[in-house]
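Observations on the three-dimensional arrangement
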Amino acid sequence: MSDSETAKMLAIMEAMFNGQKRTLGMVEAAIDKFSTVETEISKLNRKMNSLHELVLRHHSETSGRLEAISAHKSRLIDRLA
């Protein structure tokens, strides 16, 4: 193999290596972005779970109060009858 052929091969190999480095950099950036998105989704899920618990507690309290009002109303109606 001549010196010019060797130089061409080295240039091609260097271009391939640099392309692979750029591709690896893009993959690393995508992984970092995915990790950030995954973290944000986890935070949102925790907030959603807290909100769900709050809604369930509020529903339970409201239902209990509604039952008490209904029972009181029934007693009042019985007294009036």
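First, a word on scope: everything that follows refers to the structure included in this document. (Residues numbered from 1 in each chain as written. Predicted model: local features only at pLDDT ≥ 70, side-chain atom pairs only at ≥ 80, totals over all residues. Heavy atoms only, no water.)

It is worth spelling out the overall build of the chain at this point. Helix and strand content of the chain: 1 helix and 0 strands. For the chain, the C-alpha radius of gyration of 35 Å lies well beyond 12 Å, the compact-globule estimate for 81 residues. Each principal axis of the C-alpha distribution contributes one length, and for the chain these read about 115 × 15 × 10 Å. For the chain, the proportion of its 81 residues judged to be buried stands at 1%. Counting every atom, the chain has about 7700 Å² of accessible surface; 64% of that belongs to carbon and sulfur. Here the chain contributes 12 positively and 11 negatively charged side chains, and the mean placements of these two sets differ by 13 Å. (Helix = DSSP H or I, 4+ residues; strand = E, 2+ residues; numbered from the N terminus. Rg over C-alpha atoms; globule rule 2.2 N^0.38 Å. Buried < 20%, exposed > 50% of the residue type's maximum accessible area, 1.4 Å probe, protein only. Areas by Shrake-Rupley, 256 points an atom, 1.4 Å probe, with all protein chains shown as cover. Lys, Arg positive; Asp, Glu negative; His and termini not counted. Charge placed at Lys NZ, Arg CZ, Asp CG, Glu CD.)

A separate point is the pattern of salt bridges. Going through the model one piece at a time under the given rule, you end up with 1 salt bridge. When the shortest N-O distance is used, the salt bridge between Glu40 and Lys43 registers 3.3 Å. You can see Glu40 and its partner Lys43 sitting in helix α1 (residues 3–80), 3 residues apart, about one turn around the helix. Exposure remark for Glu40: the relative accessible area of 39% places this residue in the partly exposed category. Classification of Lys43 by relative accessible area gives partly exposed; the value is 37%. (Salt bridge = Lys/Arg side-chain N within 4 Å of Asp/Glu carboxyl O.)

A grouping of Met1, Met9, Ile12 and Met16 is seen on the molecular surface, where their side chains present a nonpolar patch of about 470 Å² in accessible area. Here Ile12 is to be found in helix α1. According to the relative accessible area criterion, Ile12 is partly exposed, its value standing at 48%. (Patch = residues over 30% accessible without salt bridge, like charges linked within 9 Å, V, L, I, M, F, W, Y side chains within 5 Å.)

For Thr62, the location among the structural elements is in helix α1. Judged by its relative accessible area of 38%, Thr62 falls in the partly exposed class. Taking the C-alpha atoms as reference points, Thr62 and Met48, 14 residues apart in sequence, are found 21 Å from one another.

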